[in-house]
Amino acid sequence: GPVHREQNEEIWKRFQDATKIIHDKRQNYNASLDENYLKNLVQKQEIIAEITELANKPHSTHREFQQASSAVQKLRERFLEVGKVPTKDRNLVWEAFKEATRVFNRNKNRYFKNQKNSQLDNLNKKKELIAVAEEHMNSSDFQTSTPIMKRIQLEWKAIGQVPRKDSDKIWKQFKSACNTYFENLKKERSGDSQESIDAINRKTEYLKTLKDREIPSDQDDVLQLIKTLTAEWHALGHVPRGSKDLETKFKKYIDGILKGLGLSKEVLKSHLYESKLRDMY
C-alpha cells in the first residue's frame, strides 16, 4: 500500500537501484550465455566439418574404415557433449550433424558390402586353384605339371582377401597339395624315391647283360633287335636326371649297333632319328 509522502521518493529510489542491479546482472548473464552459445555453435560446426571430411575421404582398406569409424564415434560424442547453441541455429546444426554421419555410414556400409562380395569372389578363385593343385599334386609328369604348379602359386598371391572364417582352411588345403607335389619333384630329381632307385638298379643290371648279347648278321633282324632292346629298356622305368649317364650308355650301345650295319648315311640317319623318338616315350 501507500507510504508517507515524505518517504515515498526515497523508498522508490532504493527499489529502483536494487532492481537495476538485478536487471544488469540478468543482462550480463544473458550476454555471456549468447557468447557461449556462439562458441558452442562454432565447435559443433567444426565437428560437423571433420565428420564430413571423413565421410567424403576415399577409404580403400578394412583397416582405414575401422580407424575412420572410431574417429567418427569420438567426434559424435564430442558433439553431444558440447552445450547449447543459439535457438535460431539449433535445428540447422542438428540436421547438418545427422546428414554428415548418415553419409559416412552409407559409404562405410557400401564399402563393406562390396568387400564382402569381392571376398566371396576371391574365395571361389582360390578354390579353383586348390582344385588345380590337387589334380596335379600326385602327377609324375613333372615337365608338364611343374610350370602349372608354379603359376598357380603366383596367382594365389595375387588374389585378394577371402572371408576370415575360410582363410586358414583353404590356405592349409592349398599348401598341402603344393607341398605334396614339390616333395615328389624333389625326390624325383634327387633320385631318392624308391621307384627311381629300383629303376636305376634294373637298368644298371640290364646294361651288364648287353655285353653278352649276340648281334644278328641280318640287317632286318638287327633292326628288330634294336626295337626289342629299346622297348625292354623303357619298360625298366624312369631314372632321375642325376642318373642320366645310364641313358647315355644305352644310347651309345644302340648307335654302335646301327653304325655297324654298314648302312648309307641317309638310312642310318633315319634309323638314328627313330631311335631318338623311341627314347622320348
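This text follows the structure it describes.
What counts and how
- Residues numbered from 1 in each chain as written.
- Predicted model: local features only at pLDDT ≥ 70, side-chain atom pairs only at ≥ 80, totals over all residues.
- Heavy atoms only, no water.
- Phe/Tyr/Trp six-rings, centres within 6.5 Å; stacked < 30°, edge-to-face > 60°.
- Helix = DSSP H or I, 4+ residues; strand = E, 2+ residues; numbered from the N terminus.
- Buried < 20%, exposed > 50% of the residue type's maximum accessible area, 1.4 Å probe, protein only.
- Lys NZ or Arg CZ within 6 Å of the ring centre and 35° of its normal.
- Salt bridge = Lys/Arg side-chain N within 4 Å of Asp/Glu carboxyl O.
- Axes fitted to C-alpha atoms, helices over the stretch in contact; angles between N-to-C directions.
- Parallel < 35°, antiparallel > 145°, perpendicular 65-115°, else oblique.
- Left-handed = near helix turned anticlockwise from the far one by under 90°.
- Contact = heavy atoms within 4.5 Å.
- Nonpolar A, V, L, I, M, F, W, Y, C, P; charged D, E, K, R; others polar.
- Core = buried A, V, L, I, M, F, W, Y, C linked by side-chain atoms within 4.5 Å.

### Quick look at the packing of aromatic side chains
Two aromatic rings, taken as a pair, are described by how far apart their centres are and by the angle between their planes. All chains considered together, the criterion is met by 15 aromatic pairs. Summarising the aromatic geometry, the rings of tyrosine 206 and tryptophan 233 are spaced 5.9 Å apart at their centres and angled 55 degrees between planes, so their arrangement reads as tilted. One end of the pair, tyrosine 206, is in helix α6 (residues 194-210); the other, tryptophan 233, is in helix α7 (residues 219-235), and 27 residues separate them in sequence. The class for tryptophan 233 is buried, based on a relative accessible area of 0%. Connected via pairs of aromatic rings, a cluster forms that spans Phe65, Phe104, Tyr111 and Phe112. When the ring centre of phenylalanine 79 is taken as reference, the NZ or CZ atom of lysine 44 above it lies at 4.6 Å.

### Regarding the pattern of salt bridges
As enumerated under the stated definition, the model contains 12 salt bridges in all. As a salt-bridge pair, arginine 102 and glutamate 99 come within 3.0 Å of each other at their nearest N and O atoms. A residue pair is termed a helical-turn pair when its members lie 3 or 4 positions apart in one helix, as arginine 102 and glutamate 99 do in helix α3 (residues 87-136) at three residues. As a salt-bridge pair, lysine 208 and glutamate 205 come within 3.4 Å of each other at their nearest N and O atoms. Of this pair, lysine 208 and glutamate 205 are both found in helix α6, three residues apart, which corresponds to roughly one turn of the helix.

### Here we look at the packing of α3 against helix α4 (residues 142-158)
Between two packed helices, the angle of one axis relative to the other and the distance separating the axes together describe the packing. Between α3 and α4, whose axes approach to 10 Å, the crossing angle comes to 160 degrees. It follows that α3 is roughly antiparallel to α4 by the angle criterion. As for how α3 packs across α4, the hand of that crossing is left-handed. Of the residues in α4, those in contact with Lys126, Leu129, Ile130, Val132, Ala133 and His136 of α3 are Ser145, Ile148, Met149, Ile152, Glu155 and Trp156. Residue classes in the contact of α3 with α4 are distributed as eight nonpolar, two polar and two charged.

### Considerations on the nonpolar core
Formed by 19 residues in total, the largest nonpolar core has its most connected members in Tyr206, Leu229, Trp233 and Phe250. When contributions to this core are tallied by element, the ones reaching two or more residues are α6, α7 and α8 (245-259). For this core, the element with the most residues is α7, which contributes six residues. Apart from the residues within four sequence positions on either side, tyrosine 206 is in contact with Arg213, Leu229, Glu232, Trp233, Leu236 and Phe250.

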